[in-house]
Amino acid sequence: MNRIDNERGFMLLNVVFLTLITSFAAMILMNAAPRLKNPQAALRLTAIHLANEQFAMMESKAAAGTLDLSCQVKPEDLTTKNFSEGVPINFTVTSNEKSSNGNLHTVAVEVAWTVNGQDASVKLERTIRVVTD
Amino acid sequence: MFAEFAIALPLLILLMYGLAAVGMKIFYLGKIQLADYVLEEEVHDVLSRLIYDARAAKTVTISKSIPTVAFTYRTTTIIWTKFSRAIADGDVIADKEEKRTYISIADKIYYEREDTPVNPLTGDNYFGSTKVTEFKPEFDTTTKILHVTLEMESEISRHKIKISTAVYIPGCES
């Protein structure tokens, strides 16, 4: 005859296993949640394209003969709401000259932003030729 | 025996329910994340192609009614008369014009080249269907800078991404 005493151990084991599985699932969930809240990848993409915009402006002025290191990105492009749950995020664009050789200037553009109190930045370099007569 | 069963069954049901709820939540988060990855990838793909094509363009044509940006390139074809490595006297160098177009119709971006059918670049992804909500190319003829703004929305996560960029076209004649 089946006795419940023999099955009590299995029942306890089930409870232990299910608790373990649930806690593992919770751990996975905890890892996934901050990635959704803190979408740095999308902001990095936005920042790279902002840096490209700054480079385009600088190249255009360099073709006319001057190397302008000030921020020339359109002001409305400096604020984004990409994936940030409706909270606007502001970018700051700074550029400085790293080295120059004749009329070739290597310029580094840094785009920085802050999400949830965390600072992040992207730095790109490009060599620009300043046309001189 | 009945008492033990009566205690164990509701416990088991509660545990299974909790497990199912957590599982569904994980599945949902994964779905959203996948849709966001697709959205990011499509925006990046369209913009990087467009910038790459714009850089070497000879002329830029922009249409506002149906957002379109078209580039033309000057290419040459050589008709060889002699079997040689260098260009000989009798060879003909013919100018040829090539055209590439990016069009935004019906929430998608299409890419068109001569002699090829129009290809959609965005949308129709099983994991994250997207639609284009804004595609705005603007060309400044004095500075020779093409500004492009692209906004896309995922139909699954309802997230939006808007990216603006610019490209300097040194060889532009228009």
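Scroll up to find the structure this text is about.
Residues numbered from 1 in each chain as written. Chains lettered and ligands numbered in written order. Predicted model: local features only at pLDDT ≥ 70, side-chain atom pairs only at ≥ 80, totals over all residues. Heavy atoms only, no water.

### Things to note about the sheet that holds strand β7 (residues 145–154) of chain B
All names here are of chain B.
Okay, step 1: Read across the sheet, three strands follow the order β6-β7-β8 without closing on themselves; strand pairing throughout is antiparallel. What marks the edges here is a single partner per strand, and that holds for β6 (130–140) and β8 (160–168). Averaged over all adjacent pairs, the angle separating strand axes in this sheet is 10°, with direction ignored.
Okay, step 2: Summarising the sheet, β6 and β7 pair through ten bridges and their orientation is antiparallel. (Pairing = 2+ DSSP bridges. Helix = DSSP H or I, 4+ residues; strand = E, 2+ residues; numbered from the N terminus. Axes fitted to C-alpha atoms, helices over the stretch in contact; angles between N-to-C directions.)

### Comments concerning the sheet that holds strand β5 (residues 119–120) of chain B
Residues and elements named next belong to chain B.
Okay, step 1: What the five strands build is an open sheet, ordered β1-β2-β3-β4-β5; its pairing is antiparallel. A strand with exactly one partner marks an edge of an open sheet, and here the two such strands are β1 (59–63) and β5.
Okay, step 2: Relative to strand β2 (residues 68–79), β1 runs antiparallel, the two being bridged by five bridges. Bridging across to β2, Ser-63 finds its partner in Thr-68.
Okay, step 3: Packed onto the sheet, helix α1 (residues 2–55) meets β2, β3 (92–105) and β4 (108–113) and runs at close to 50° relative to β2. (Contact = heavy atoms within 4.5 Å.)

### Some points on the side chain of Glu-98 of chain B
All names here are of chain B.
Okay, step 1: Within the secondary structure, Glu-98 sits in strand β3.
Okay, step 2: One polar contact links Glu-98 to Arg-100, side chain to side chain, over a distance of 3.2 Å.
Okay, step 3: Among residues more than four places away in sequence, those in contact with Glu-98 are Phe-71, Thr-72, Tyr-73, Thr-75, Arg-113 and Glu-114. (Polar contact = N/O pair within 3.5 Å; in protein donor to acceptor, adjacent residues only side chain to side chain.)

### Here's the deal with helix α2 (residues 40–64) of chain A
Okay, step 1: Taking 1.5 Å per residue as the helical rise, α2 of chain A with its 25 residues ought to reach 36 Å, and the 36 Å between its terminal C-alpha atoms agrees with that figure.
Okay, step 2: Of the residues flanking the end of α2 of chain A, it is Gly-65 of chain A, one or two places downstream, whose phi is positive at about 115°. (Expected span 1.5 Å × (residues − 1).)

### Quick word on the interface of chain A and chain B
Okay, step 1: Contacts between the two partners involve 33 residues from chain A, matched on the other side by 34 residues from chain B.
Okay, step 2: Interface area, chain A with chain B, both sides summed: about 2,900 Å², of which 68% is carbon and sulfur.
Okay, step 3: Remark: the boundary between chain A and chain B carries two salt bridges.
Okay, step 4: Residues Lys-74 of chain A and Glu-138 of chain B are paired through a salt bridge, measuring 3.2 Å at the closest nitrogen-oxygen approach.
Okay, step 5: Along the contact surface separating chain A from chain B lie five residue pairs in polar contact (both at pLDDT 80 or more).
Okay, step 6: The set of elements that each furnish at least two residues to the side of chain A that touches chain B consists of α1 (4–37) and α2 of chain A.
Okay, step 7: Among the residues making up the side of chain A that touches chain B, the classes are represented as 18 nonpolar, seven polar and eight charged. (Buried area = accessible area lost by both parts, 1.4 Å probe. Salt bridge = Lys/Arg side-chain N within 4 Å of Asp/Glu carboxyl O. Nonpolar A, V, L, I, M, F, W, Y, C, P; charged D, E, K, R; others polar.)

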